[in-house]
Amino acid sequence: MTELKRRTFFKLGLFGAALSIVKPTKAASLIENSFEGKSKGPIVVSTWEHGIAANENAWKVLITGGKALDAVEQGVRTTESDVTNRSVGIGGRPDRDGNLTLDACIMDEKSRCGAVGYLEGYEHPISVARMVMENTPHVMLVGRGAEDFAKAYGFPKVKTPLKEVKEDWKEWKKENKTLFEKPVINHENHDTIGMLALDADGNLSGACTTSGWGYKLPGRLGDSPIIGAGLFVDNEVGAACATGLGEAVIRIAGSHTVVELMRQGKSPKEACRLACERIIAKHHDLTGLQVGFLALDKNGNYGGYSVYNGFNFALTENGKTSMVDAEFNRNWD
Ligand code: SD4
C-alpha cells in the first residue's frame, strides 16, 4: 500500500485523474461525469488509456461496416505491438524467471471463443487465440502447444523480452529472492487491454490480452485468457471484460457474472458494481486488490466500475474517442 500511495495516479481524485492523465489524440475529446451511457451506432470501449489508440484502429473496421470480431482483434493488436507498454504484448514484463509469456482470448457473437495462455515469442497472442477459435475444435492452447500451433500457422517469432525490460527484471531479481513474495500490484503492472465492440449489424465481440502480473510465478495464468473470467460475450445480452488482479476475477467468474447480471436487467455499470462488491465480500484483505470491470450491452449501453479509484476506459462512438472514469467502491488512501 505504501508503494501504491506513492503513485500519483491513484492519489488523484476522480475528475483529477481524468483531467490530468488523459492525453487524447486529435480525434479524442474529454467527457466528465459520465460513468455510463448509451450509443446509437457502432461503439467500441476498452480498458485504460492505451484504449484510445486501440479504439481508433477498431473504429476503422466498424465505420466501414466491418464485424465487431475483426474490430476487437485489430484494436488490441495495436496495444500488443506497443513497445512502451509494460503489461501487454511484446513490451510486457516477464515472469520471475525472466521469460515474457502472454495471455489472450477472444469471443464473438456466436459464442465462439479462442484463447492462448503462457505463449512465449509471439507478438500477437490475440490473433493466435482467434486462430485457435477458427481452426481447432478447442478453446484454449497454452505453453509449448500454443507456440507450436502459432509456428505452424506462420506467425512470425519475435525475441522477448525487450532489452530494457530485461534490465529492469535483472534489477528486480537482485532484490527479490524469496520465491513466493507477492509482487506489488499497481497501475504499471496491471493494465491489460480488454475491448468490447458492437457493430452496425448489432453484433457483439470482445478481446482481452495481457502479459499478466509482472514477475509472476512461472506457469501462472490470470483471468485474461479465461473465457468467463477476463472476458465474456453473449450476443443476446451483452459483453464484459476485466482488468486488475486476475486471481480475484477468476474467483467470481467475473465477466460472466457481469453479463448474467445484465441478463437479469441490471445496467452495465450496475452489473460491474455488483461484481466488484462480490469480490470485496469474498476477500478479507483488499490491499492492492484492484479490479475493474467494463461492460457493453446489446443496445449500446456501456459502463464500468472498479474496486479502487483510478480505473478508466476509452469510449469511441460517432467517430469520437474520449476517456471515461469508472466509478469505484473505495479510495486507495
Ligand atoms: C492478470 N488481469 O493477469 C490480468 C492483469 C491485468 O490490468 O488485468 N492488468 O491478472
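Up top is the structure these notes are about.
Residues numbered from 1 in each chain as written. Predicted model: local features only at pLDDT ≥ 70, side-chain atom pairs only at ≥ 80, totals over all residues. Heavy atoms only, no water.

### Quick word on the overall build of the protein
Formally: Secondary structure elements follow DSSP: runs of H or I no shorter than four residues count as helices, runs of E no shorter than two count as strands, and numbering proceeds from the N terminus. Categorising residues by exposure relies on relative accessible area from a 1.4 Å probe, with only protein chains included: less than 20% of the type maximum marks a residue as buried, more than 50% marks it as exposed, and the intermediate range marks it as partly exposed. Note on contacts: a residue pair qualifies if any of its non-hydrogen atoms lie within 4.5 Å across the two residues. Exposure was quantified through the Shrake-Rupley algorithm and a 1.4 Å probe, taking into account, for residues, occlusion by the shown protein chains and nothing else.
For the protein, the helix and strand inventory stands at eleven helices and 14 strands. Across the 333 residues that make up the protein, the buried fraction comes to 60%. Summarising the internal contacts of the protein: among those between residues at least 6 apart in sequence, 67% fall at separations of at least 24. As displayed, the protein offers around 13,300 Å² of accessible surface, 51% of which is attributable to carbon and sulfur atoms.

### Describing the sheet that holds strand 5 (residues 140-142)
Which entries qualify depends on this criterion: Two strands make a pair as long as DSSP finds a minimum of two bridges between them. Each axis is a line fitted through C-alpha atoms, and for a helix only the stretch in contact is used; angles between axes span 0 to 180 degrees, taken between their N-to-C directions.
Within the open sheet, the eight strands sit side by side as 5-4-3-7-6-2-12-13. Their pairing is mixed. In this open sheet, the two strands that pair with only one neighbour each are strand 5 and strand 13 (320-325). Between one strand and the next, the sheet's axes are offset by a mean angle of 10 degrees, whatever the strand orientation. Two elements, strand 6 (residues 193-198) and strand 7 (residues 204-210), share six bridges in a ladder whose sense is antiparallel. Considered in strand 7, the bridge of L198 is made with L204.

### Overview of helix 11 (residues 268-282)
The line we're drawing: An expected span of 1.5 Å times one less than the residue number is assigned to each helix.
Helix length check: helix 11 (15 residues) gives 21 Å between terminal C-alpha atoms against 21 Å at 1.5 Å per residue, within 8%. Along helix 11, the residues that are buried comprise P268, K269, A271, C272, A275, C276, I279 and I280.

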